[in-house]
Amino acid sequence: MRKLCFTILVVLPVLLSAQSINQILSSANTAEKSRNYLQAESLYLQVLAQAPNRSDAQNRLINLYINTFQYDKAAQLLRQANGETATTNQLETWKEIEYWKAQSFLEDLPISTPKAPAFSMEAYPTQDDQRNLDLIKANPNHFEALFTIGATLCNYEHGEAPAEQYLLKAISVQPNHLEARRILGQLLQRLGRFGEAEVHFQKMVALTPNSLEGLLELESLYNEWKRLGKLEDTYKNILMIDHQHLPSLEKLSRLFEKQGRFIEAERLCKEFLYSQKDYQQGVRLLEGHYIRSLQAQPNSPQLHQDLANLYYQMLFEWHTVPALYLAKDFPLQQEALIPYIAQQSVTHFEKTLELQPNLPDKAYIQFQLGKLCTYLKQAEKSIAPLEQAASMMQNKTDAQFLLIDAYLNTNQTSKALSLLENLNEKGWLDYEHEKKLAHLYALSGKQQQAVALADKIIEYYPNRRTAESYRIKALALRLSGKMNESLTVLRQSIRVDFENSDAHYSIAKHYFRNNLRDEGIIWLESALLKDTTDKIRLIAERDSELNNIKSWERYQYIVAEYEQN
């Protein structure tokens, strides 16, 4: 019994602790998939506080830091997990961090790289190298032999000193040889002799003023040397030659951000964005700038508004999704990307108004919010910002039209009708909203106004007549008890648009209402044949007036034929 109690007291807390850790880890994964990164980070850290060696939690947190541009934290966590040497299984992760080191100027990231074979005179030279040595012996100024021997020695450990001598001799023979300058410059940079390497790279630039080759070598040198002023000038020189050189644009914008020069970084990103025809890379570049800037200034209403506007423009002006979102490791599928971007825009517009409620362009922000909520099919949420926008904007019609649809989608027909009538009195209604007003007139007992407005629509838009306008008129006539006139108008709608399945279904409903089932079935069959979306079938089977139509023998036969075809 004593042993049993001891086992329970020792083992049970361990089991409960393991279960608790797994629950926290599951919650962290869920938060990360929902892009709630702050909560996910907090939960992963809780797991690691309780179980420091949980590799799954470590790896998820490392990936989270990478995906949210927090490369310093990623590097620190990797050092804690692995010391100074990467294991074989983590090689790919280390390579990814090494790439971002170049992008983000991380310092002292411990990457283990294989060493070259040791240089020794006993193992050297090979047959080919002996041939070059013989050429040099015969002609001390033989450039090709000098260059080849020097380049070969660069690949051997402890071969740097003789490599330098051979390359210097080769350059003395051909001072304008680009490849010799490049290899010697890289060797000197590797040895930490940055000033000497700079001389050779600058000579490359002077020899090829319209080429990026020497400038890119200088960029690598100044980055490692931490000469930020020269690094900035080099990026600018690269962009003078190729103003769309994306790596340099991105690195220069990040350099500006690290120096607190956010306005210059934004201008640089915008110039690139508006120079692009497809906006793909430009959007990604500017979005990344705003996200990083918000990390430094989280309570800046202007940055929140800028990022919200960028997402808004992506949806409604440029109709593009950055290539970043299409990467296979992005957690959302293609069909979920657009709603995600819309919701991001909503979130940042709301944060803008929270931080600065009295913005000069508050009315337009409210309109954008309402439009985004409408786009996301959040009708109830769209009403408040649209009402505020309509009360403040000079050009109100766009907001009012969206507000009408929001009222209709939330069954506030009286508000929609009142707003439509007000706009109609001012002559501001377009074709589609005139039809909505006529339909609301018919449903609200104003059949005479409905018929008159439907006739006006049919008369004023002869080239845009649709069966829908006739059906609205027929609805008003039916609701006012004029059944024969309603049927006549429905037949007119068929003549206007014979292929319209809704028109055929309306006539079928007329006959069903008048207990003329055989005629109704004929027209229903015609409606089903003309419907390519299965909409009519679903409407008919849910229509309470048709008294369980699925049990009708004739209907079952029609549906069987319809499905077979």
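All of these numbers come straight from a predicted model, not from anything done at the bench.

(A) Main features of the packing of aromatic side chains. A full pass over the atoms with the stated rule returns 8 aromatic pairs. Members of the aromatic cluster, joined through ring pairs, are Tyr312, Phe316, Phe349 and Tyr375. In this structure, lysine 371 is placed above the aromatic ring of phenylalanine 316, and the distance from its NZ or CZ to the ring centre is 4.4 Å. The ring of tryptophan 552 is capped by arginine 517, whose NZ or CZ atom sits 3.9 Å from the centre of that ring.

(B) Highlighting the layout of surface pockets. Put simply, the second largest pocket is a space of about 510 Å³. As for the second largest pocket, its lining consists of 23 residues, and the residues nearest its centre are His439, Arg471, Ile472, Leu475 and Ser506. Among the elements of the structure, helix 22 (431–443), helix 24 (467–479), helix 25 (483–496), helix 26 (501–513) and helix 28 (535–542) are those that each provide at least two residues to the lining of the second largest pocket. Class assignment for the residues of the lining of the second largest pocket results in 9 nonpolar, 4 polar and 10 charged.

(C) Representation of helix 29 (residues 553–564). In this model helix 29 runs 17 Å from its N-terminal to its C-terminal C-alpha over 12 residues, within 8% of the 16 Å that 1.5 Å per residue would give. All buried positions along helix 29 are accounted for by Tyr555, Ile558, Val559 and Tyr562. With its buried residues spanning 95° around the axis, helix 29 presents them on a single face. In helix 29, those exposed residues whose orientation departs by more than 90 degrees from the buried face are Glu553 and Gln564. Next to the buried residues of helix 29 lie helix 27 (517–530) and helix 28.

(D) Just unusual backbone geometry, in detail. The residue lysine 226 is not glycine, and still its phi comes out positive at about 65°. Mapped onto the secondary structure, lysine 226 falls in the loop between helix 11 (213–225) and helix 12 (228–241). In this model, asparagine 411 sits at a positive phi of 60°, which is unusual for a non-glycine residue. Tracing the backbone through its elements, the reader meets asparagine 411 in the loop between helix 20 (397–409) and helix 21 (413–425). A relative accessible area of 67% means that asparagine 411 is categorised as exposed.

(E) Just helix 2 (residues 37–50), in detail. Taking 1.5 Å per residue, 14 residues should reach 20 Å; helix 2 reaches 20 Å between its end C-alpha atoms and fits that length. Listed as buried for helix 2 are Tyr37, Ala40, Glu41, Leu43, Tyr44, Val47 and Leu48. Projection of helix 2 onto a plane perpendicular to its axis shows the buried side chains occupying an angular sector of 165°, all on one side. Away from its buried face by more than 90 degrees, helix 2 exposes Leu38 and Ala49.

(F) Seen up close, the side chain of threonine 352. One can find threonine 352 in helix 17 (residues 334–355). Ignoring any residue separated from it by four or fewer positions in sequence, one finds threonine 352 in contact with Pro301, His304, Gln305, Leu359 and Ile365.

(G) Quick look at the confidence of the model for the protein. Of all residues in the protein, 83% have pLDDT values of 70 or greater, and the mean over the chain is 81. Low pLDDT (under 50) marks residues 1–16, which in the prediction has 2 contacts with non-local residues, meaning those over four places away or in another chain. Under a pLDDT of 50 for its full length, residues 84–123 has, in the predicted model, 68 contacts with residues more than four places off or in other chains.

(H) Layout of the environment of arginine 193. Tracing the backbone shows arginine 193 in the loop between helix 9 (178–190) and helix 10 (194–207). Its relative accessible area of 27% is what places arginine 193 among the partly exposed residues. Sequence separation between arginine 193 and tryptophan 225 is 32 residues; the distance between their C-alpha atoms is 9.6 Å. In this view, arginine 193 contacts Glu164 and Leu188; residues no more than four positions away in its chain are not counted.

(I) Geometry of the pattern of salt bridges. What the rule picks out here adds up to 28 salt bridges. As a salt-bridge pair, lysine 446 and glutamate 421 come within 3.3 Å of each other at their nearest N and O atoms. In this pair, lysine 446 is assigned in the loop between helix 22 and helix 23 (447–460) and glutamate 421 in helix 21, connecting sequence segments 25 residues apart. Note on lysine 446: relative accessible area 27%, which makes it partly exposed. On the basis of relative accessible area, glutamate 421 is assigned to the partly exposed category, the value being 22%. Measuring nitrogen to oxygen at the nearest pair gives 3.0 Å for the salt bridge that ties lysine 509 to glutamate 545. With lysine 509 in helix 26 and glutamate 545 in the loop between helix 28 and helix 29, this pair connects stretches of sequence that are 36 residues apart.

Definitions and cut-offs
Residues numbered from 1 in each chain as written. Predicted model: local features only at pLDDT ≥ 70, side-chain atom pairs only at ≥ 80, totals over all residues. Heavy atoms only, no water. Phe/Tyr/Trp six-rings, centres within 6.5 Å; stacked < 30°, edge-to-face > 60°. Lys NZ or Arg CZ within 6 Å of the ring centre and 35° of its normal. 1 Å grid on protein atoms, 1.4 Å probe; cavity = no way out; pocket = protein on both sides within 12 Å on 5 of 7 lines; lining within 4 Å. Points joined across faces, edges and corners; volume = space filled by probe spheres on them. Helix = DSSP H or I, 4+ residues; strand = E, 2+ residues; numbered from the N terminus. Nonpolar A, V, L, I, M, F, W, Y, C, P; charged D, E, K, R; others polar. Expected span 1.5 Å × (residues − 1). Buried < 20%, exposed > 50% of the residue type's maximum accessible area, 1.4 Å probe, protein only. Arc of directions from axis to C-beta. Contact = heavy atoms within 4.5 Å. pLDDT = per-residue confidence, 0-100. Salt bridge = Lys/Arg side-chain N within 4 Å of Asp/Glu carboxyl O.

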